[in-house]
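# Residue-level structure breakdown
Now for the letters of each chain:
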Amino acid sequence: MMRYRMSLFTTAATIAVICGSGAAFAQDAATTPPADAVVAETDETDSGEIVVTAERRATSLQKVSAAIQVVTGENLTKIGIVDTENLQVRVPAMVNSRLGGPTQRPYIRGIGNDLYGIASGNSIATYVDGVYIPNSTQSFQAFLDTERVEVLKGPQAVLYGRNATGGTVLISSKKPEFEFGGSGDISYGNYNDFQVRGAVTGPIVDDVIAVRIAAQYLDRDGFGKNIPSGKDQDFFRNFAVRGSMLMRLGENLTALAVADYSKIETGDYVKTPNQNAWNYQATVGQYVEDPWLRYGNHDSFAPLTDAGMRLTLNWDTSFGEITSTTSFREFKYGPFTYDNDDVGMPLSLPTNPRTVLGELAIVGSVQESDQFSHETYLATPTDKPLRLIVGGSVFLEDAIDQQRSFFFAPRFSNRALDNPAYAAFADAKFDLTEKLTLSAGARYSSEKKRYTLQPLNATLAGVITGTRPTVEGNSKWNDFTPRFGVEYRPTNDVMLFATATKGFKSGGFNTDNPANEFEPEDIWSYEGGIKSRWGGFLTVNLSAFYYDYSNLQVQQVLLPAGTSIVTNASEAKIKGLDGEIIVRAADGLTIGTNFALLDSEYGDLTLFNDLLAVPTNVSVEGNVLKRAPKTSVVTYVDYDVPIGAGELSFHGEAMYRSKTYYTPFQDEPHAQPGFWLLNANIRYSFDDNRQYISLYGQNLANKLYATSIEDVARFLGPLDGAPLYTHYGQPRTYGVRYGISF
């Protein structure tokens, strides 16, 4: 990882030089009128219109020809969302599952993947302040001083087109301001949920240098408990800090230097609710009816640290604004431990055809990643008929994975990935008339992966005794992804649009077998809709879409050895409707609904079903895609009323998700029936809205629901004896919060 550490030193030196230059320049710049453009963004205009950056420039949400759901920082606090996993309770058609601690598997509109390990990428891209986050564990982000989160639904071909066949999550942090101010809050809830957050901003040199410092500490007991040790499972702790400095280096040049650090400690909790499972047959008295109690001879513990530095330069020229972002990040996950067999002792199954003695657990595995990225793009002025965004990017990653797991016998190995990726992109919009706009863009991507795996010999006590021959996979993929669109605006408040977009996700290697290479997957999306505001009291946004999804990357388990392979399967079709309706019914009263309707099916596809009494190949043609609920809805009410010298605010919402399958075989044991979640927040603001106290609650009906259902070692028995490892969503939580701003 030496070359990326050199990149860190280069980035740090550049930031130091610019900071020093900014201070030296301060005396001259202090006499120069401030630049017209204010770099610190807000997520709403004075009229309440939401501003997003999905098109690489600040644009009204109502003027972007795409389906986007925005969750503001204020709403994250209201709803009680502290991390990316729980965005799914606010974003219809988004299903997010965890696997082994913080590792995420997000799906949007039925597109995602269950592949894990450093040798495969995501189908949902995550960007934090414009910086790409490469792996499924690092994309588990705790929100710190967040301005807004934009969820872009559908493939992103051009501007955010790397590994984004399903969509993109854009996280935007608050930026320094040239007026002194700040905010903070402290809260306490059940499960001893303690949270304290704060941020302060202001000028160092008037109109030249401003800084912002934000920090938080979150600490919650676990929802589940391991009976033998008495320790909590699925707990959550986070300490995070971010410092940023905004410098006006000239009338048209600004620099934003950022350094951040986050440490998360959590512990995964999975439950085997099937008392006939083979792992319970190997033990006595280990099954517990309570969904939040389990036996395990290992306590789950998953620490991760994520730190980085970023420098963004904005240069406003006569031909457009040039934005250049350079970033270096270091990520470490582990040593992490969790128990997979849901019993408090090693397993012994003498009656099973495969006589086994041992356990299923991960004990002390470590993943590390060094990432360097750079992107530069030009955005031409928006007051011209032709508007262009042209740029390129480079991403370099070195990652290692020290796997220390037991699958009845030790499965120890050392793995490494070298992953350079390059891209060039261009996007154009041209106004044929005042009402009609055509758009076209394309991205050329080139990505290479060199993946090595060295198996290790180890004893049942976990002592490494030797090595075995190294296996290597090395491949490169190139792709061209275009996008075409048309917009028609019959009035200033109504826009009709249609787009055709190609998405691309690079290939990779089976994490346990580099010789098992799989190819990229592609998707063509055809989408059309309307964005409209009517009379200032009604907003209606609708988007219908059709996906032609091909070369799916599918993971299967083969018998008799339980070998996991990844193959490129046939195709799938998805069609649906996304919608948003907001009614400002009266002064202080807003009622809104976001919904997604999906109709998905696999094409001519045959997969090996190891869940049957006699495992065999099964056609899944016509089956619903996994993690693709047909209906998902979020309905909310906001009501603000003056009381005395303050204001009382009520926010209530209900989320519904219909039946969701977690395998392509559409079998009932691996399905979560439809369910509702109810959340609410009551807040009283006073002192000119500078202070507030609130009561909050999530999942008020205490609904037990699964966010993931799967099997480990399914080949050990038929479906009625399969463990059905289940990860549950959060139970009922509630608490009180006090906040202040100045």
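Here the structure is shown first, and the text comes after it.
So, a few notes on the structure that sits alongside this text. Keep in mind it's a predicted model, so treat the numbers as computed, not measured. (Residues numbered from 1 in each chain as written. Predicted model: local features only at pLDDT ≥ 70, side-chain atom pairs only at ≥ 80, totals over all residues. Heavy atoms only, no water.)

### A word on the sheet that holds strand β17 (residues 293-294)
Basically, it comes down to this: For two strands to count as paired, DSSP must find a minimum of two bridges between them. Strands here mean DSSP runs of E at least two residues long; helices mean DSSP runs of H or I at least four residues long; both are numbered from the N terminus.
Spatially, the three strands line up as an open sheet ordered β14-β13-β17, and their pairing is mixed. Of all strands in the sheet, those bounded by a partner on one side alone are β14 (231-233) and β17. Here strand β13 (residues 224-226) pairs with β14 via three bridges, running antiparallel. If you follow G224 over to β14, its bridge partner there is Q233.

### Here's the deal with the packing of aromatic side chains
Short version of the rule: In summary, the pairing rule links any two rings of Phe, Tyr or Trp, Trp by its six-membered ring, whose centres are within 6.5 Å, and it sorts them by plane angle into stacked for under 30 degrees, edge-to-face for over 60 and tilted for everything else. Residue burial is assigned from relative accessible area. The probe radius is 1.4 Å, only protein chains are included, and a residue is buried under 20% of its type maximum, exposed over 50%, and partly exposed in between. In this scheme, Lys NZ or Arg CZ marks a charge over a ring once it lies within 6 Å of the ring centre and within 35 degrees of the ring normal.
By the definition in use, this model includes 20 aromatic pairs. Ring centres of Y333 and F336 lie 4.1 Å apart, and the angle between their planes is 5 degrees; this geometry places the pair in the stacked category. For the pair Y333 and F336, a shared accessibility class is recorded, and that class is buried. The lysine or arginine in question, R220, covers the ring of F223, its NZ or CZ lying 3.9 Å from the ring centre. Positioned above the aromatic ring of Y692 is the side chain of R683, whose terminal nitrogen or guanidinium carbon lies 4.7 Å from the ring centre.

### A closer look at a negative patch on the surface
Note the cut-off: Each patch is assembled from residues with relative accessible area greater than 30% and no salt bridge, linking like charges that lie within 9 Å and nonpolar side chains (Val, Leu, Ile, Met, Phe, Trp, Tyr) that lie within 5 Å. Per-residue and other accessible areas were derived by the Shrake-Rupley procedure at a 1.4 Å probe size, with only the shown protein chains allowed to occlude residues. Note on definitions: salt bridges are taken to be side-chain nitrogens of Lys or Arg within 4 Å of carboxyl oxygens of Asp or Glu. Charge counting follows a simple rule: Lys and Arg are positive, Asp and Glu are negative, and His as well as the terminal groups are ignored. Where a charge sits is defined by one atom per residue type, namely NZ (Lys), CZ (Arg), CG (Asp) or CD (Glu).
Side chains of E571, E601, D604 and E621 sit close together on the surface and give a patch of like negative charge. Note that E601 resides in strand β36 (residues 589-602).

### Things to note about unusual backbone geometry
Residues G334 and P335 are joined by a peptide bond in cis, for which omega reads 0 degrees. You can see P335 is positioned in strand β19 (residues 320-339). Its identity as a non-glycine residue notwithstanding, R109 has a phi of 55 degrees, on the positive side. In this fold, R109 is placed in the loop between β5 (104-108) and β6 (124-128). One non-glycine residue with positive phi stands out, namely D688, at about 55 degrees. The class for D688 is exposed, based on a relative accessible area of 63%.

### Overview of the sheet that holds strand β9 (residues 167-173)
Note on sheets: strands pair through backbone hydrogen bonds, and any given pair is parallel or antiparallel. The condition is simple: Note on method: axes are straight lines fitted to C-alpha atoms, helices fitted across the in-contact stretch only, with angles between N-to-C directions ranging 0 to 180 degrees.
Judged by pairing direction, the sheet is mixed, and its five strands sit side by side in the order β3-β8-β9-β6-β7 without closing on themselves. The sheet is open, and its two borders are formed by β3 (68-72) and β7 (131-133), each paired with just one other strand. Averaged over all adjacent pairs, the angle separating strand axes in this sheet is 20 degrees, with direction ignored. Bridge analysis of β6 against β7 gives three bridges, and the strand direction is antiparallel.

### Digging into the pattern of salt bridges
Evaluation of the coordinates by the stated rule reveals 35 salt bridges. A salt bridge links K78 to E74; its shortest N-O distance comes to 3.9 Å. Pair noted here: K78 and E74 are both in helix α2 (residues 73-79), with a separation of four residues, about one helical turn. Since its relative accessible area comes to 15%, K78 is described here as buried. Residue classification places E74 among the partly exposed residues on the basis of a relative accessible area of 43%. For R294, the salt bridge is made with D339, and the minimal N-O distance between the two is 3.7 Å. Of this pair, R294 sits in strand β17 while D339 sits in strand β19, and the two are 45 residues apart along the sequence. By the burial criterion, R294 is buried, and D339 matches it.

### A few points about the pairing of strand β35 (residues 571-586)
The two faces of the sheet receive side chains in turn, since in a regular strand these alternate between them. For strand β32 (residues 538-550) and β35, the ladder comprises 13 bridges, and the chain directions are antiparallel. Note on β35: the bridge partner recorded for L538 is V583. Of the strand pairs in this sheet, β35 and β36 are connected by 13 bridges, and their pairing is antiparallel. Counterpart to G576 in the pairing with β36 is L598. Counting the residues in the hairpin turn of β35 and β36 gives two residues, including G588, whose phi is positive at 85 degrees.

### Quick look at the environment of F239
The cut-off we apply is this: Only heavy atoms matter for contacts: two residues are in contact if any of them lie within 4.5 Å across the pair.
For F239, the position within the fold is in strand β15 (residues 236-248). Each C-alpha atom, one on F239 and one on Y217, is 4.6 Å from the other, the two residues being 22 residues apart in sequence. Apart from residues lying up to four places away in sequence, F239 is in contact with Q216, Y217, Y261, S262 and K263.

### Topic: the pairing of strand β44 (residues 691-698)
With six of eight residues buried, β44 lies mostly within the body of the structure. Across seven bridges, strand β43 (residues 675-686) lies against β44 in antiparallel orientation. Looking across to β44, one finds that S685 is bridged to Y692. As judged from the eight bridges shared by β44 and strand β47 (residues 733-741), these two strands associate in the antiparallel manner. Looking at the pairing, Q691 lines up with I740 of β47.

### Digging into the environment of S619
Threshold: Two N or O atoms count as a polar contact when they lie within 3.5 Å, although within protein this holds only if one can serve as hydrogen donor and the other as acceptor, and sequence-adjacent residues are included solely when both atoms are side-chain atoms.
You can see S619 is positioned in strand β38 (residues 616-619). Residue classification places S619 among the partly exposed residues on the basis of a relative accessible area of 44%. The spacing of S619 and D604 is 15 residues in sequence and 7.5 Å in space, taken between C-alpha atoms. Setting aside residues up to four positions removed in sequence, S619 forms contacts with L605 and T606. At 3.3 Å, the side chain of S619 forms a polar contact with the backbone nitrogen of E621.

### Concerning the side chain of N163
Tracing the sequence through the fold places N163 in the loop between β8 (146-153) and β9. Polar side-chain contacts of N163 include one of 3.4 Å to the side chain of Y132. A distance of 3.1 Å separates a polar atom in the side chain of N163 from the backbone nitrogen of S506. The residues contacting N163, other than those within four sequence positions of it, are G121, N122, S123, I124, A125, Y132, E447, F504, K505 and S506.

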